[in-house]
Amino acid sequence: QVQLVESGGGSVQVEGSLRLSCAASSNAYTCMAWFRHIPGKEREGVAGITRAGRIRYADSVNGRFTISQDINENTMYLQMDMLKPEDTAMYYCAADDTCHLYTLLQDWEHKYWGQGTQVTVSS
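Residues numbered from 1 in each chain as written. Predicted model: local features only at pLDDT ≥ 70, side-chain atom pairs only at ≥ 80, totals over all residues. Heavy atoms only, no water.

## Remarks on unusual backbone geometry
Of note in this structure, Asn 74 is not a glycine but carries a positive phi near 55°. The residue Asn 74 is located in the loop between β7 (65-70) and β8 (75-80) in this model. For Asn 74, a relative accessible area of 12% translates into the label buried. Of note, Ser 123 is a non-glycine position whose phi angle comes to about 70°, a positive value. Mapped onto the elements of the fold, Ser 123 is located in the segment after β11 (117-122). The exposure class of Ser 123 is exposed, given its relative accessible area of 79%. (Helix = DSSP H or I, 4+ residues; strand = E, 2+ residues; numbered from the N terminus. Buried < 20%, exposed > 50% of the residue type's maximum accessible area, 1.4 Å probe, protein only.)

Following this line, the structure appears as structure tokens:
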């Protein structure tokens, strides 16, 4: 079992930046990913990374967001730059112990989930 805790959310103006963190309780996972959810819409995969360092981004954030990890600390990060109002959502960290790169941004690929951190982009 892996426990995930997100942090770093908050409120920013358009074109601002935030850095999200996801801390895992152990290294018993092979991939982690960020998802976001807006009420009334499907949960969306944002960015994902395997422990081997393979990365995928959603087209909507490619070029603005950067995912990274600290393997030794079992921690994943999401640097969000040039934020837009449409980035407003609850952001969730997810992980799984068996992963495929081509499904990294599918929510059903992940069995472990954090509680989420709110990101609000205004103006």
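## Considerations on the pattern of salt bridges
All chains considered together, the criterion is met by four salt bridges. A salt bridge links Arg 64 to Asp 87; its shortest N-O distance comes to 2.7 Å. Here Asp 87 lies in the loop between β8 and β9 (89-96) and Arg 64 lies in the loop between β6 (55-57) and β7, a separation of 23 residues in the sequence. With a relative accessible area of 0%, Asp 87 lands in the buried category. (Salt bridge = Lys/Arg side-chain N within 4 Å of Asp/Glu carboxyl O.)

## Focus: the side chain of Thr 75
Along the polypeptide, Thr 75 turns up in strand β8. At a separation of 2.9 Å, a polar atom in the side chain of Thr 75 contacts the main-chain carbonyl oxygen of Glu 73. Residues contacting Thr 75, with those up to four places away along its chain left out, are Cys 22, Ala 23, Tyr 29, Ser 68, Gln 69 and Asp 70. (Polar contact = N/O pair within 3.5 Å; in protein donor to acceptor, adjacent residues only side chain to side chain. Contact = heavy atoms within 4.5 Å.)

## Observations regarding the packing of aromatic side chains
For any two aromatic rings, the description comes down to two numbers: the centre-to-centre distance and the angle of the planes. Summed over all chains, the structure comprises one aromatic pair. Plain terms: the ring middles of Phe 35 and Trp 113 are 5.0 Å apart, the flat faces sit at 50° to each other, and that makes the pair tilted. Note that Phe 35 is positioned in strand β4 (residues 31-37) and Trp 113 in strand β10 (residues 112-113), a separation of 78 residues in sequence. When its relative accessible area of 0% is taken as the criterion, Phe 35 is described as buried. (Phe/Tyr/Trp six-rings, centres within 6.5 Å; stacked < 30°, edge-to-face > 60°.)

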